[in-house]
Amino acid sequence: MDALPDELQQAVDEHERAVAGALRGPNLEFVISKGKRWTRGQTVVVAFRGGSDELYGRIAATASEWMRHGNIRLEFKDPQTSAFYQWSLADRGFTTQIRVSFDQTGYWSLIGTDSVNAAITRSGTASMNFGGFAQRLPQDWSATVLHEFGHALGFQHEHQHPTGVCEAEFRWVLVPE
Ligand SMILES: [Zn+2]
């Protein structure tokens, strides 16, 4: 067994809960999945497919909130061209880490580095989806964006039973433990 002593584990849990609480408010708790975390200080490239620059800008501004709390850098625009990154179905080699689409059903995201794990997914496929956002933003769009980017940064729901908050939106089947 490589379990931490109870007291230490409790401290870790409390810390993670506090971080998640600060990020997401008191009602939704996340647990971070240690094996799925990005490297500290890593630049994670976020690319879009479909939608408009205006939509990308709103998503980027909202998701960037995570950078105030975590030691991670989300990069939405190519510094060479100042254009938002786009991904395509023809992409190979995981050149972009978070691949956002708007044309699938529901709101969901792969967890952390699962989005660049060839055992789980492929380049040229979405790792995060905001269904319908390109047509019309729902009233709670910004909370949804923060929530899904939390998953993309490695947070999972604390309670993953079938009545969990995010069950309907999430592709559990793609996240083997
Ligand atoms: Zn969720």
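Just so it is clear, the structure is predicted and the values come from calculations on it, not from any experiment.

Cut-offs and rules
Residues numbered from 1 in each chain as written. Predicted model: local features only at pLDDT ≥ 70, side-chain atom pairs only at ≥ 80, totals over all residues. Heavy atoms only, no water. Helix = DSSP H or I, 4+ residues; strand = E, 2+ residues; numbered from the N terminus. Buried < 20%, exposed > 50% of the residue type's maximum accessible area, 1.4 Å probe, protein only. Contact = heavy atoms within 4.5 Å. Areas by Shrake-Rupley, 256 points an atom, 1.4 Å probe, with all protein chains shown as cover. Salt bridge = Lys/Arg side-chain N within 4 Å of Asp/Glu carboxyl O. Pairing = 2+ DSSP bridges. Axes fitted to C-alpha atoms, helices over the stretch in contact; angles between N-to-C directions. Phe/Tyr/Trp six-rings, centres within 6.5 Å; stacked < 30°, edge-to-face > 60°. Lys NZ or Arg CZ within 6 Å of the ring centre and 35° of its normal.

Student: Mind showing me how you'd approach the overall build of the protein here?
Tutor: In terms of regular secondary structure, the protein is built from three helices and seven strands. Listing the helices and strands of the protein from first to last along the sequence gives α-β-β-α-β-β-β-β-α-β. Per-residue burial over the protein gives 45% buried out of 177 residues. Taking contacts inside the protein between residues at least 6 apart in sequence as the whole, the part at least 24 apart equals 72%. Working note: accessible area of the protein is about 9700 Å², and carbon and sulfur atoms make up 51% of it.

Student: When you look at the pattern of salt bridges in this model, what are you seeing that I'm missing?
Tutor: Pairing between side chains becomes possible if they bear opposite charge and their charged atoms approach one another. This structure, assessed with the given rule, holds five salt bridges. Ionic pairing is found between Lys36 and Asp114, a salt bridge with its closest N-O pair at 3.2 Å. Of the two residues, Lys36 is situated in the loop between strand S1 (30–32) and strand S2 (43–49) and Asp114 in the loop between strand S5 (107–109) and strand S6 (128–130); the sequence distance between them amounts to 78 residues. Like Asp114, Lys36 is buried.

Student: Got a minute to help me understand the sheet that holds strand S4 (residues 98–101) in this structure?
Tutor: Strand pairing within a sheet occurs via backbone hydrogen bonds; the two strands may be parallel or antiparallel. The strand order S3-S2-S4-S6-S5 describes an open sheet built from five strands, whose pairing is mixed. Both outer strands of the open sheet, strand S3 (73–75) and S5, are each paired with one neighbouring strand and no more. The average undirected angle you get between the axes of adjacent strands in this sheet is 25°. Note: S4 against S6, two bridges, orientation parallel. Pairing of Val100 across the sheet is with Met128, part of S6. With respect to the sheet, helix H3 (residues 141–152) is in contact with S2, S3, S4, S5 and S6, its orientation differing from that of S6 by roughly 170°.

Student: Sorry if this is basic, but what is going on with the packing of aromatic side chains here?
Tutor: Two numbers describe a pair of aromatic rings. These are the distance of the centres and the angle of the planes. Counting across every chain of the model gives nine aromatic pairs. Plain terms: the ring middles of Phe76 and Phe149 are 6.2 Å apart, the flat faces sit at 55° to each other, and that makes the pair tilted. Linking Phe76 in the loop between S3 and S4 with Phe149 in helix H3, this pair joins segments that are 73 residues apart in sequence. Both residues of the pair, Phe76 and Phe149, belong to the buried class. Centroid distance Phe130 to Phe133: 5.0 Å. Interplanar angle 20°. Geometry classified as stacked. Clustering of aromatic rings is evident, with ring pairs tying together Phe48, Tyr56, Phe76, Phe84, Phe102 and Phe149. Over the aromatic face of Trp87 sits the side chain of Arg49, whose NZ or CZ is 5.6 Å from the ring centroid. Across the ring face of Phe84, the terminal group of Lys77 is positioned such that the distance to the ring centre comes to 4.9 Å.

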